[in-house]
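Architecture and fold: a report
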Amino acid sequence: MLKKITIFTSLMLLLSFTIPNNFSALVLKKLEAYSSDYPEKIYVKTDKPYYTIGDDIWYAAYLVNGINHKASSKSNVIYVELVNDKDSIVSQKKLYTNDLSVAGDFEINKEWKAGTYVLRAYTNYMRNSDASFFFKKEIPIWDVKAFSENETLEIATNTTTPKEETITQRPDLHFYPEGGYLVQGLPSKVGIKVKDIKNKTILLEGVIKDQENNTITQFKTFEFGLGFFALTPEPNKTYYASMVINGKEEKYELPKPLPQGFNLNLLNNGQEIILKVNANNSIGLLNSFLVVHQRGKIIFQKLETTGTNSYTVKLNTSKLNAGVTSFTLFNNEGKPVCERLAFVDNPDKNVTLSLNADTKTPQEREKVTLQLDLKDTNGNPVSGNVSLTINDLDAVEKSSRSENIKTYLLLNSDLRGAIEDPGYFFEKENDSKRRFLLDLVMFTHGWNRFTWNALLYQQKNKMQYSIENGISIAGQTRALKEKNTRISAATRLTFMGALPHQELTQSNANGQFNFGPFVFYDSIPTLVEARVKEFKSDYKKNRDVGIFLNNSTYRSPLFSNTNVIKPNTLNTSIITNFMKQAQNISEIDTKYLQGTQLLDEVIINAQKETAEELREEALNNRAGNSFPTHRIDMNDYPNSETLSIYDLLNRLPGVTAYNNTISIRNGGQPVILLDGIRVEIEDITFLRGMDIEFIDINTSTSIISNSSNGVISIFTKLGNGILLNVKREPGIIDFYYPGFYTAREFYSPDYADSFYDSSKQDVRTTLYWQPKIVINKNAEAEISFFTSDSNSKYAIEIEGISTEGIPVYHLSTFEVE
């Protein structure tokens, strides 16, 4: 019997060493795979934080590798959208970049309603992950015509500056034990976070008591409603936080301490991170595994092979990149039992931007020349891309505390929940107070990019959305007279115009073909042809092929309000000045155009009528001028993107559609045409409102043979929904395909030009905007602009990134006398 017990014990000891070794290898393998198949990040800089109806939004989009923040080597295509408060996309731009950044803009339509819009940006590859990883930024858009000072005063948001005020209501306090849990007998720090807005700005004080009402320690909060206290839980005791408000004690239960477990104690002094790992169970830390990674890249690992109850790790941060660093401890069963985040700020790897002006105090309408360069901490020149905006500080608030490219890439894009005033933590290097508060932020936030269970044990989903390196024209070929069965066919793409181009391929067994990727910026006349056999064949039915282009319109998920960048502070007086300036600019434009206000009204009415007529003419041309009995134009049905084809057909007079049956006035099944090709009901069931341009119903029997029950013609938004002059015949489809969007040029007057009309008063909230300034190692970059008629103080804000992935932020001011 003793022999059996000995053998069993030896086997268990062997397994206890074998399993952790296998597990540690699994962790390292999965992290390595995550790092190599890196996620992408996008940051979008706008020329100002808020706008008015009729204004222009100027922006620059930066696309980087989510691990090292260098230019992404995956995607080249960026989608930037403006979403209204009804979660509808009001404008979308498709941009191409083969560099770190690309410029774009939105015209704010005068027909849009005022409200809080969201600027959203992503790549097709990013759609394989949660939409919360998309870049999202709130953009307030106000209506100048409805402006009143009293209304604007209500726009101001909270500030996080702490105040010594009287507490009038129970604060919403949350407690976060370091590493995740309180454990009996193990010293621990507990983070505090005030979540309600009112009390977040008040310096709170209280005490920690046990269940017998004995005071154990005191606590207080600092900026951002953050604080902490130290506690070593004793066996069989529970604890609560106590505050006295209006003479009444308010109690908050702390998490119940575990009898056995682990914890992490971390100290970040700037030059190094000291981590103490503790356990109080029977085997101690035997076969526990510590992993330290930065955005998925492994920087330290330790498999403990002894039964010690504690050990200490020191990490020199001078060799690490700046950013959120995650410390995770797995127990001997491979379960994550402790996690702690720390922020590494390595000043030795910073890049600074130098800005020199040829004049310090320019006059009105004077030319100003700026020279820019990037340098590392050793003074060596660095290359990179930056964007520059100059704003009137009387109308546009600028703060170094606000979100910028540095705070977004290094902080908010990797954490759960937004960080308030994130720029505060980067205003001064090696500042102990800011480092202390930032460490409290790390206490109270979690790593956002993945969960260990999903990374280690869930099978990776097949990539549904491909990496885009240009414009692809894809679709299917189908037999015309065999219920549109997909067939393999010879397929040819031809770009016509000034630079003709032609490609030939064979669609696969499922009829699928794909041409591209292409890079072009103007709409190109395009021809796609298909043949049952080769193009030179004399086969009589060689053209009996239907060509159906894929609909690449993005079906947006339900809008996620997580990780949306919000304006930190909207100063009441500055917002009021902004609206007054916007009104002033509108009045200046009106006076300059001398009496055109009435003329504008006439022209606008005529344009509306003309637009309606042009729309009807375009639809009639696409429908072959068949003069339908009834028509549904999807432009007349906003917010119908998710409606099914049956929902839409039932809106047509006399049409009944349900359970895979369609009839007109209770007759038999009508003929169904999809983009001019005869199809069956099962071929249209997948369609939604977002796929369809318009639907015609025609009850005339002379339209098409065998159509005694009428004809329903469905016309889709082919390609990306904006193909022009589409014509379809058997074996051929002819259209104009839109290229990538090219940003307009920001208007900046040139007062040195003798032909320039200088009689108009010059007032600008954005004095100058330059979305892409390429800085090379060999030479400084140089830009020039003219000041306006406003004697004011201006902010120069520059954001960008070096070619080595170091984000750059600069904010300075100058005055116009």
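Above: the structure in question.
A brief look at the structure comes next. (Residues numbered from 1 in each chain as written. Predicted model: local features only at pLDDT ≥ 70, side-chain atom pairs only at ≥ 80, totals over all residues. Heavy atoms only, no water.)

Across its full length, the chain holds nine helices and 45 strands. Counting the 817 residues in the chain, one finds 51% classified as buried. Once local pairs closer than 6 in sequence are excluded, the contacts in the chain between residues at least 24 apart make up 68%. Entry remark: accessible area of the chain is about 39,200 Å², with carbon and sulfur atoms responsible for 48%. (Helix = DSSP H or I, 4+ residues; strand = E, 2+ residues; numbered from the N terminus. Buried < 20%, exposed > 50% of the residue type's maximum accessible area, 1.4 Å probe, protein only. Contact = heavy atoms within 4.5 Å. Areas by Shrake-Rupley, 256 points an atom, 1.4 Å probe, with all protein chains shown as cover.)

Right, let's get into the side chain of Lys93. With respect to the helices, strands and loops of the structure, Lys93 is situated in strand β5 (residues 89-96). Among buried charged residues, Lys93 stands out as having no salt bridge; its nearest opposite-charge side chain is Asp105, 5.5 Å away. Residues in contact with Lys93, not counting those within four places in the same chain, are Tyr59, Ile78, Tyr79, Val80, Asp105, Phe106 and Tyr741. (Lys, Arg positive; Asp, Glu negative; His and termini not counted. Salt bridge = Lys/Arg side-chain N within 4 Å of Asp/Glu carboxyl O.)

Before going further, it helps to spend a moment on a negative patch on the surface. A cluster of like negative charges, contributed by Glu612, Glu613, Glu616, Glu617 and Asp636, occupies part of the molecular surface. Following the sequence through the fold, Glu616 ends up in helix α8 (residues 596-622). Assessed through its relative accessible area of 48%, Glu616 is described here as partly exposed. (Patch = residues over 30% accessible without salt bridge, like charges linked within 9 Å, V, L, I, M, F, W, Y side chains within 5 Å. Charge placed at Lys NZ, Arg CZ, Asp CG, Glu CD.)

Here we come to the layout of surface pockets. Approximately 960 Å³ is the volume attributed to the second largest pocket. Around the second largest pocket, the lining is made up of 26 residues, and of these Tyr34, Asn128, Ser129, Lys460 and Asn461 lie nearest the centre. Mapped by element, the contributors of at least two residues to the lining of the second largest pocket are α1 (2-36) and α6 (452-457). Grouping the constituent residues of the lining of the second largest pocket by class yields twelve nonpolar, seven polar and seven charged. (1 Å grid on protein atoms, 1.4 Å probe; cavity = no way out; pocket = protein on both sides within 12 Å on 5 of 7 lines; lining within 4 Å. Points joined across faces, edges and corners; volume = space filled by probe spheres on them. Nonpolar A, V, L, I, M, F, W, Y, C, P; charged D, E, K, R; others polar.)

Scanning all chains against the criterion turns up 33 salt bridges. For the salt bridge of Lys433 with Glu223, the shortest nitrogen-to-oxygen distance reads 2.7 Å. Of this pair, Lys433 sits in helix α5 (residues 432-443) while Glu223 sits in the loop between β12 (215-220) and β13 (226-231); the two residues are 210 residues apart in sequence, bridging distant segments of the chain. Where Arg340 meets Asp439, a salt bridge forms, and the shortest distance between an N and an O atom there is 2.9 Å. Here the residue Arg340 occupies a position in strand β22 (residues 336-344), and Asp439 occupies one in helix α5, the gap between them amounting to 99 residues.

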